[in-house]
Amino acid sequence: MAVGLARSAALVLAAAVLGSLCLVALAEDEQLEDLRFVQHAQDAPLVSHFNYIVVGGGTSGCPLAATLSEHSRVLLLERGGLPYRNMSNQEHFTDALADTSLASPAQRFISEDGVVNARARVLGGGSCLNAGFYTRASNDYVRTAGWDARLVNSSYRWVERALVFRPDVPPWQAALRDALLEAGVTPDNGFTFDHVTGTKIGGTIFDNNGQRHTAADFLRHARPRGLTVVLFATVSRILFRSQEGVPCPVAYGVVFADPLGVQHRVYLRDGPKNEVILTAGTLGSPQLLMLSGVGPQAHLEAHGIQVLVDQPMVGQGVADNPMNSVFIPSPVPVGLSLVQVVGITKSGSFIEGVSGSEFGIPVSDGARRLANFGLFSPQTGQLGTLPPKQRTPEALQRAAEAMRRLDRRAFRGGFILEKILGPVSSGHIELRSTDPRANPAVTFNYFQEAEDVERCVRGIQTIERVIQSRAFSNFTYANASVESIFTDSANFPVNLLPRHVNDSRSPKQYCRETVMTIWHYHGGCHVGAVVDDDYRVFGVQGLRVIDSSTFRYSPGTNPQATVMMLGRYMGIKIQAERWRK
């Protein structure tokens, strides 16, 4: 016990030392594009050498690379570019999701289940695209993961000092909070980052001016001489070799292509503690393992990939927390707010809300850009007004123009969202091709398990009580029944699943037929199946995976806090391993 406590204390001390060094590295107001260690892939050398190669500049990759740079030479490879300014303002929350171009920071995919989804393609990853809510994992989650609780807490605090804020709660969110309490989601936990049963106000990565702060901000705290960030670099494979005295293949570098198709090779410097680390996310990390010959043998051979390690669990156990929502029309104007309040129920469902759904509509007469109408956007795929199979550019244009002619009061109100714990249902990822730029085939098997359906039903019942509550009455029409509100929302073409048209839908039917993503998908490289407790890949050496693909269940109500924490946490642990003789 004493040895364990001493080791924990040493790690926390290391975290404090690293934190003090990081916080003086660069001026807070220095723009990412001005950082001298950030470069375009076309400007990168054809051959280079580093102590650590981190593949994926996302929610975990950025804090990990920043931490490792304190005493090592680190290369961070990101397939996308810098987050642009519109992406940084909450009024433009849906803009990136509505962008379906090849240069979009949100690469769209549709799961084999028929649900429209997106994966990040930008420095900062999902933290550049999400609704900004910040909340920690539960203490039980931390214990089950086997993490060092003291180091976890210090890593969360490091993240929070850098980019987390307390939101100014507008009237609609305050009414949602009070309605959740009236509906029995108690106690009132006030403002807290902690995951505890009841209703709370959580943190946000949007500051009080509505500006987004992202995981890319951590790079401002890196040691400039220790870090190189290469943008628009698509990694095609990990390089392995045999090494005398080592019984398994050893990772020694990666190959990436720049936008012109030029191949660049990056090698690890000589030394037993240098590593390649995948932080490419739930889709990217298992995809890259398979492209490099680590995965299910029969599947790799079917794609003509030479099998290095037959690892049948790569790509398995992938899950996406299903989201269902309902739009509540409001008789009074509603201000813009993204997720700020959450009700954590005892039955395993989480209730959140976003308001001001008319955001994205031009507010000035001179504004001529194409409005995307927020979450009603024909483009985003979430609560779009156009069925996904009909979303040609011409059809999108017609839908947006038709919506432009509608009375703006039609978009006045907010969405109450329900997400379930877990989930228990899971699926898998498979390669469609050997092109690293292409999306793999993803099957989530939403609501395959009855336990998930029951949790959703109880969440829907909670939302019904919220809508009927006295606390929320100012934001509902007196003559609108709960049934009519749900029926209207059920008619939104939110996915490609078949519908059963009837006069009344049961809660189970509503859950299954209106399922959407909340972008909290995870798994594919589970701890204990693909990686060990230190996130080292089984069957090879010199390779780790540190991102959401290692999670069996999504942490907390929203995972970004824990994914960022994990990058910092493992950066400190890896540095401590390096210092030990």
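Residues numbered from 1 in each chain as written. Predicted model: local features only at pLDDT ≥ 70, side-chain atom pairs only at ≥ 80, totals over all residues. Heavy atoms only, no water.

Colleague: So what's going on with a nonpolar patch on the surface? Which residues, and what values?
Modeller: Among the surface-exposed residues, Leu 46, Val 47, Leu 260 and Val 262 lie close enough to one another that they form a single nonpolar patch of about 370 Å² accessible area. Topologically, Leu 260 is positioned in the loop between β13 (250–257) and β14 (263–268). A relative accessible area of 65% places Leu 260 in the exposed class. (Patch = residues over 30% accessible without salt bridge, like charges linked within 9 Å, V, L, I, M, F, W, Y side chains within 5 Å. Areas by Shrake-Rupley, 256 points an atom, 1.4 Å probe, with all protein chains shown as cover. Salt bridge = Lys/Arg side-chain N within 4 Å of Asp/Glu carboxyl O. Helix = DSSP H or I, 4+ residues; strand = E, 2+ residues; numbered from the N terminus. Buried < 20%, exposed > 50% of the residue type's maximum accessible area, 1.4 Å probe, protein only.)

Colleague: Could you give an account of the pairing of β13, with specific residues and numbers?
Modeller: In terms of burial, β13 is largely enclosed, as eight of its eight residues are buried. Two elements, strand β12 (residues 234–241) and β13, share seven bridges in a ladder whose sense is antiparallel. For Arg 237, the partnering residue across the bridge sits in β13 and is Val 255. (Pairing = 2+ DSSP bridges.)

Colleague: Tell me about the sheet that holds strand β1 (residues 38–40), residues and numbers included.
Modeller: Read across the sheet, six strands follow the order β1-β11-β4-β3-β15-β26 without closing on themselves; strand pairing throughout is parallel. Every interior strand has two partners, whereas the edge strands, β1 and β26 (543–545), have only one. Direction aside, neighbouring strands of the sheet carry axes that sit 20° apart on average. Summarising the sheet, strand β3 (residues 52–55) and strand β15 (residues 275–278) pair through four bridges and their orientation is parallel. Bridge pairing in β15 places Val 55 opposite Leu 278. The sheet strands contacting helix α2 (residues 61–68) are β3, β4 (74–77), β11 (227–231) and β15, and the helix crosses β4 at an angle near 165°. (Axes fitted to C-alpha atoms, helices over the stretch in contact; angles between N-to-C directions. Contact = heavy atoms within 4.5 Å.)

Colleague: Summarise the nonpolar core; cite the residues concerned and give the values.
Modeller: Core analysis: the biggest nonpolar cluster contains 127 residues, and Trp 147, Leu 289, Ile 416 and Leu 543 have the highest contact counts within it. It is helix α13 (residues 560–579) that contributes the most residues to this core, nine residues altogether. Ranked by size, the runner-up nonpolar core spans 18 residues in total, among them Phe 327, Ile 344, Val 354 and Leu 417. (Core = buried A, V, L, I, M, F, W, Y, C linked by side-chain atoms within 4.5 Å.)

Colleague: So, helix α6 (residues 171–182): which residues are in play, and what are the values?
Modeller: Relative to the 16 Å expected for 12 residues at 1.5 Å per residue, α6 spans 16 Å between its end C-alpha atoms, a close match to the ideal helical length. Among all positions in α6, only Trp 172, Gln 173, Ala 174, Ala 175, Leu 176, Ala 179 and Leu 180 are buried. Buried residues belonging to α6 abut β9 (198–201), β20 (341–344), β21 (349–355), β22 (413–420) and α10 (450–468). Backbone geometry just downstream of α6 places Gly 184 in the positive-phi region, at approximately 100°. (Expected span 1.5 Å × (residues − 1).)

Colleague: Any details on the packing of aromatic side chains? Residues and values, ideally.
Modeller: One pass over the full model with this rule turns up 14 aromatic pairs. Ring plane angle 15° and centroid distance 4.8 Å describe the contact between Trp 158 and Phe 218, whose orientation is recorded as stacked. Highlighted residues: Trp 158 in helix α5 (residues 149–163) and Phe 218 in the loop between β10 (203–204) and β11, separated in sequence by 60 residues. On the basis of relative accessibility, which here comes to 3%, the residue Trp 158 falls in the buried class. (Phe/Tyr/Trp six-rings, centres within 6.5 Å; stacked < 30°, edge-to-face > 60°.)

Colleague: Go over the sheet that holds β14 with me, naming the residues and quoting the values.
Modeller: The strand order β2-β14-β13-β12 describes an open sheet built from four strands, whose pairing is mixed. With one partner strand each, in any of the chains shown, β2 (47–50) and β12 form the two edges of the open sheet. Between one strand axis and the next, the sheet turns by 25° as a mean value, whatever way the strands run.

Colleague: Could you give an account of the pairing of β22, naming the residues involved and the relevant values?
Modeller: Burial of β22 is extensive: eight of the eight residues sit out of reach of the surface. Side-chain alternation along β22 places Gly 413, Phe 415, Leu 417 and Lys 419 on one buried face and Gly 414, Ile 416, Glu 418 and Ile 420 on a second face that is also buried. Relative to β22, strand β19 (residues 322–329) runs antiparallel, the two sharing seven bridges. When the sheet's bridge partners are listed, Asn 324 is paired in β22 with Glu 418.

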